[in-house]
Amino acid sequence: MPKSRNDKLQGTLTLLVLRTLKSRGSLHGYGICEHISRVSGDLLQLEEGSLYPALHRMEQDGWISSQWEITDKGRKAKFYTMSPRGEEQLADENETWSRLARGVTRVLRYS
Amino acid sequence: MAWLDRWRNVFRAESLNREIEDELQYHLAETVDRLVAEGMSEQNAWRAARLRLGNYSAQKERTRDMNIATWLDATRADFLYGIRQLRLDPGFATIAILSLALGIGGNTAIFQLIDAVCLKNLPVQNPEELVAVDFEKGSSRPGVWYGRSAAVSSQQWELIRDQQRVFRSVAAWSPDRFNLADGGEPRMAEGLYVSGDFFEVLGVNALLGRTLTVKDDSAACNPGMVLSYAFWQREFAGDPGVLQRSIRLGGRAIPILGVMPAAFFGVQVGNQFDLALPLCADRLLANDQQGRARIPFSWWLSILGRLKPGETVASASAQLRTLSPGIMQSSLPPAYQPDTAKRFLQNKMFAVEGGSGFSRLRDDYERPLWLLMAITGLVLLIACANLANLLLARASVREREIAIRLAIGASRSRLVRQLLVESLLVALAGSALGMLLAVSLSGALVAFLSTADNSLFVDLTLDWRILGFTTVLGVLTCLLVGLLPAWRATHRAPVAAMQAAGRSVTAGNRQSSLRRMLVITQVSLSFVLLFGSLLFVRSLQNLLHIDSGFQADGLLTVNLDFSSVSYPKERRLALWREMQDRLSVIPGVVSLAQASITPLSGSSWDGVVGGDATPASGSTKSAFFTEVGPGYFQTMGTPLLAGREFNDRDTSTSPKVAIVDEIFARNIFGGANPIGRSFHMTADRGKPEPVYEVVGLVRRSKYGELRENFKPLAYFAIVQTNNLDPSATFVLRTAGPPVQVMDGVKATIAALGPSIGINFHPLSVQLQNSLLRDRLMATLSAGFGFLAVLLATLGLYGVISYMVAQRRNEIGIRIALGADRSNVIRLILREALFLLGCGLAMGNILALFAGKAAATLLFGLEPHDVVSLMAASLLLALIALLASYLPAKKAADGNPMAALRNE
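Residues numbered from 1 in each chain as written. Chains lettered and ligands numbered in written order. Predicted model: local features only at pLDDT ≥ 70, side-chain atom pairs only at ≥ 80, totals over all residues. Heavy atoms only, no water.

Caption draft 1: Structural view of the state of the cysteines. Residues and elements named next belong to chain B. Under the defined criterion, the tally for this structure stands at 1 disulfide over all chains. A sulfur-sulfur separation of 1.9 Å characterises the disulfide bridge that pairs Cys221 with Cys280. Across the S-S bond linking Cys221 and Cys280, the dihedral sits near 75°, which makes this disulfide right-handed. Of the two residues, Cys221 is situated in the loop between strand E5 (208-209) and strand E6 (225-227) and Cys280 in the loop between strand E9 (275-278) and helix H10 (281-285); the sequence distance between them amounts to 59 residues. Side by side, Cys221 and Cys280 carry an identical accessibility label, which is buried. (Disulfide = S-S within 2.5 Å. Helix = DSSP H or I, 4+ residues; strand = E, 2+ residues; numbered from the N terminus. Buried < 20%, exposed > 50% of the residue type's maximum accessible area, 1.4 Å probe, protein only.)

Caption draft 2: The arrangement of the sheet that holds strand E1 (residues 27-28) of chain A in detail. What the 3 strands build is an open sheet, ordered E1-E3-E2 (chain A); its pairing is antiparallel. The sheet is open, and its two edges are formed by E1 and strand E2 (64-70) of chain A, each paired on a single side. As defined by bridge partners, E1(A) adjoins strand E3 (residues 76-82) of chain A across 2 bridges and the pair is classed as antiparallel. What sits directly across from Leu27(A), in E3(A), is Tyr80(A). Against the sheet, helix H2 (residues 13-37) of chain B contacts E1, E2 and E3 of chain A, and its axis sits at roughly 95° relative to E3(A). (Pairing = 2+ DSSP bridges. Contact = heavy atoms within 4.5 Å. Axes fitted to C-alpha atoms, helices over the stretch in contact; angles between N-to-C directions.)

Caption draft 3: Quick look at helix H14 (residues 399-407) of chain B. Regarding H14(B), the residues found buried are Glu399(B), Ile402(B), Ala403(B) and Leu406(B). Seen end-on, H14(B) carries its buried residues on one side only, within an arc spanning 100°. (Arc of directions from axis to C-beta.)

Caption draft 4: Layout of the packing of aromatic side chains. Residues and elements named next belong to chain B. Evaluation of the coordinates by the stated rule reveals 24 aromatic pairs over all chains. Among the aromatic residues, those joined into a ring-pair cluster are Trp605, Phe625, Phe664, Phe669, Phe679, Tyr692 and Phe716. The cationic tip of Arg141 hangs over the ring face of Phe135; the distance from NZ or CZ to the ring centre is 3.7 Å. When the ring centre of Phe624 is taken as origin, the NZ or CZ atom of Lys711, which lies over that ring, is 4.3 Å away. (Phe/Tyr/Trp six-rings, centres within 6.5 Å; stacked < 30°, edge-to-face > 60°. Lys NZ or Arg CZ within 6 Å of the ring centre and 35° of its normal.)

Caption draft 5: Structural detail: the environment of Glu185(B). Residues and elements named next belong to chain B. Inspection of the secondary structure assignment puts Glu185 in the loop between strand E3 (167-179) and strand E4 (188-194). Judged by relative accessible area, Glu185 falls into the partly exposed class, the value being 40%. Setting aside residues no more than four positions away along its own chain, Glu185 makes contact with Lys746, Ile758 and Phe760.

Caption draft 6: Examining the sheet that holds strand E13 (residues 555-561) of chain B more closely. Residues and elements named next belong to chain B. Pairing is antiparallel in the open sheet, where 4 strands are placed in the order E14-E22-E13-E23. The sheet terminates laterally at strand E14 (589-594) and strand E23 (757-762), the two strands that pair on one side only. Across the sheet, the axes of successive neighbouring strands diverge by a mean angle of 25°, strand direction being ignored. As judged from the 5 bridges shared by E14 and strand E22 (residues 727-734), these two strands associate in the antiparallel manner. By the bridge assignment, Val589 is partnered in E22 with Thr734. This element, helix H19 (residues 569-584), spans E13, E14 and E22 of the sheet and lies at about 165° to E14. Its contacts with the sheet place helix H22 (residues 739-752) against E13, E14, E22 and E23, and it is angled at close to 160° to E23.

These figures come from the coordinates and say nothing about function on their own.
What follows is the structure, encoded as structure tokens:
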């Protein structure tokens with residue numbers, strides 16, 4: 001099964017993370033990975049290594065906030081929640097992505 | 001705020017790391033759980049999970065960097081590294097920090113004084129608008145002077161007030177001292193006579209009650225007084241009910257109207273006023289109930305005005321000049337002789353900036369303080385050179401490490417920064433310690449300059465100016481000290497450095513030439529300081545061994561004040577005699593005499609005299625005077641060269657007689673034997689000039705101060721003058737220390753009248769106090785000179801030791817080949833002598849300039865005093881040779897085989 005490598009996803013990582021948080025509410029890093037691969041039908045697999053620097057950068061940028069919670073299994077995990085500024089960012093990136101996808105599709109269809 | 005978070009995270013890096021670790025661990029644990037659920041063994045699951053996460057520690061690093069201001073974090077790491085480096089070498093750190101602290105502390109302390117005494121404005125409203133009125137140089141106003149800042153008479157003050165148009169308002173003031181005690185030893189308070197609008201001109205309000213107003217200073221004069229905050233605290237413990245109370249001055253109770261705020265110390269920098277009275281109170285407190293306002297040649301007031309908007313000091317000066325002729329004409333003292341009057345009418349007034357107040361302290365100490373600042377500046381420079389030298393030596397030890405790091409691609413700027421941080425740390429620690437040092441040092445300086453009779457008040461609160469000064473100094477120091485070694489260390493070809501480290505005979509020549517330059521600089525600068533301190537010490541010695549014309553040891557001046565007793569004038573002569581009789585039988589008193597003005601007391605009296613038949617009004621010669629009683633010269637220890645002392649047959653009705661000193665005899669009588677000759681004294685216009693017959697000739701004596709040239713002196717018999725002040729001064733020669741007779745004198749005087757005021761001045765103390773400034777310069781410059789030489793010695797020792805270490809194998813080979821050990825020593829000393837020679841040559845040139853700067857403060861000494869130059873050279877050479885002999889001897893005594901095996 002072809003797996004999307006991280007470098008292709010570079011620009012879309014924030015978009016995916018923000019979209020995930022929007023639909024799932026508060027979630028930890030591992031959950032975000034799982035959600036994306038499950039929902040994409042295993043088409044998209046985040047490179048786990050790049051997820052955490054991205055999460056921390058997004059938190060520094062004020063798009064998401066975090067807090068430590070205890071999971072059902074009794075483990076300590078850091079849960080991320082989207083902030084109002086994250087909503088704006090998501091709308092922005094959504095728009096950018098659609099434009100990009102439309103553009104790429106047009107180029108591919110051209111004959 | 002992201003940047004704020006990042007900034008903050010720098011200082012919680014540890015817990016941040018732990019959080020990231022926890023987060024990643026959670027991720028791993030969940031992944032492992034899933035993989036195990038899918039059937040993988042736990043061990044394999046962990047490996048797989050780690051693989052998927054990628055390089056774990058790189059992961060951590062990257063995540064961490066997202067949270068931290070990277071450059072700041074690197075700086076923090078540099079600081080930690082720097083601190084570790086310094087702790088590895090505590091000897092270096094201690095010497096470095098201490099020498100910088102002394103340099104910076106000295107500079108800051110002196111700057112603090114300069115700031116307080118010379119730069120700061122008065123703590124009043126808009127001080128830059130304040131202007132003082134003064135007379136142009138060469139102005140002629142013979143008369144009675146009250147204090148150095150005094151400028152005008154009451155009459156002139158009123159004329160200026162009424163005629164000027166440049167000031168919004170103008171005030172007059174005069175300092176005075178009041179005795180608060182009713183008899184016995186005095187309790188002095190610093191007073192200010194002020195015109196009614198004084199406080200309004202300054203724009204200061206009372207903290208409690210009210211300030212004085214124009215109404216208080218009226219012709220009817222029903223005076224009240226205003227207290228300073230410090231006096232209120234000291235005398236009344238800050239009692240708010242003080243406004244209902246009064247203070248007795250000269251037998252008169254004066255009500256307290258108000259208390260001034262703590263920051264207001266008056267208009268004289270260096271003095272703090274205790275109580276302020278309206279000008280008219282001078283009349284009420286005067287013995288004759290007249291005061292100084294009625295005397296046209298009594299110069300006692302200073303004038304302070306606040307400029308109108310748009311006016312400047314220059315425009316005020318211009319107007320005062322224009323007003324001058326009219327004001328002089330209207331205030332001409334009628335007693336002046338015609339030519340004195342002519343000179344008086346040409347006097348011109350002008351305006352000077354008054355915002356920084358008036359200060360005798362400033363007049364006396366501005367130049368010495370700047371000079372001291374230069375001295376401490378040099379000390380700091382030497383300390384910097386020393387430090388740069390030490391850092392260079394350390395950098396050369398770390399040369400290999402730096403070369404390797406450069407070779408594997410470390411950025412040069414990063415390395416420079418790391419090296420700079422080390423010097424910054426030293427500079428910071430030095431500045432902080434120096435700041436602490438400065439506070440106590442400046443306090444000690446003020447205490448040093450305070451005497452019992454003149455306690456200084458200097459506002460030494462730390463403000464932004466001082467802090468800024470120290471900061472700038474610290475940063476400059478850091479750059480001076482750190483930039484050179486850092487630049488040098490990172491600009492050597494890595495290959496050369498790696499090859500050279502600890503091996504080559506000639507390597508590091510460039511670097512060691514830099515270090516030699518630094519040592520030469522140190523030697524030359526410390527030579528300048530040593531020379532300077534020798535100048536001041538020798539100057540002080542000259543002053544201490546000066547021939548004053550009397551023997552100060554064992555002399556006690558006793559000032560008696562019976563103004564509050566009100567003895568009738570006719571009885572005073574009898575009272576003096578009785579005092580004299582009673583005092584002379586006190587055990588320990590060898591002899592005593594009365595005198596109106598004692599030497600070095602600061603009081604003076606001069607006038608024009610004409611020899612023999614020449615009337616004083618036609619003479620150009622002047623002399624200084626003192627009135628003394630019988631036995632004065634014997635008591636003072638001043639030799640009588642010819643004729644006689646005054647005795648009991650000189651009375652108020654006998655012919656007027658005088659005793660003159662050598663200088664008087666030479667100036668007035670051309671050096672011929674003056675006994676039997678006579679001279680004329682000036683008199684007020686319309687009165688006959690008194691003629692005195694000279695009955696004695698005495699050795700010359702100092703009059704006003706020790707530093708001045710001998711002046712022509714004439715002594716009058718005190719019983720023959722009209723001086724019947726309600727005060728008297730006796731000089732007592734005591735067998736032991738003067739302190740021992742004080743109790744006896746007090747008891748004797750109290751028996752005559754308990755409310756007679758009494759004040760003691762041992763003459764030797766007065767003499768010492770008159771040399772305070774010289775003592776200060778000698779002490780401080782000697783201290784700093786010593787410090788400078790010490791630092792230079794350390795520097796020289798360091799460089800020579802380093803050279804010896806570098807050439808150890810060469811020396812080893814030489815010895816192994818049979819070189820004489822003394823040859824080795826000579827080889828090394830030659831280097832030291834070269835450095836010393838260069839340093840001394842440069843130092844001698846600099847010293848000539850330094851001497852010029854100090855010239856006005858020296859006594860009996862040329863600014864390029866050869867003895868001091870020679871002594872400084874010799875002393876420095878001796879110490880320097882010793883500092884280099886030790887490493888040289890060590891090198892020569894070393895086992896050559898050990899040195900060679902080391903290679």
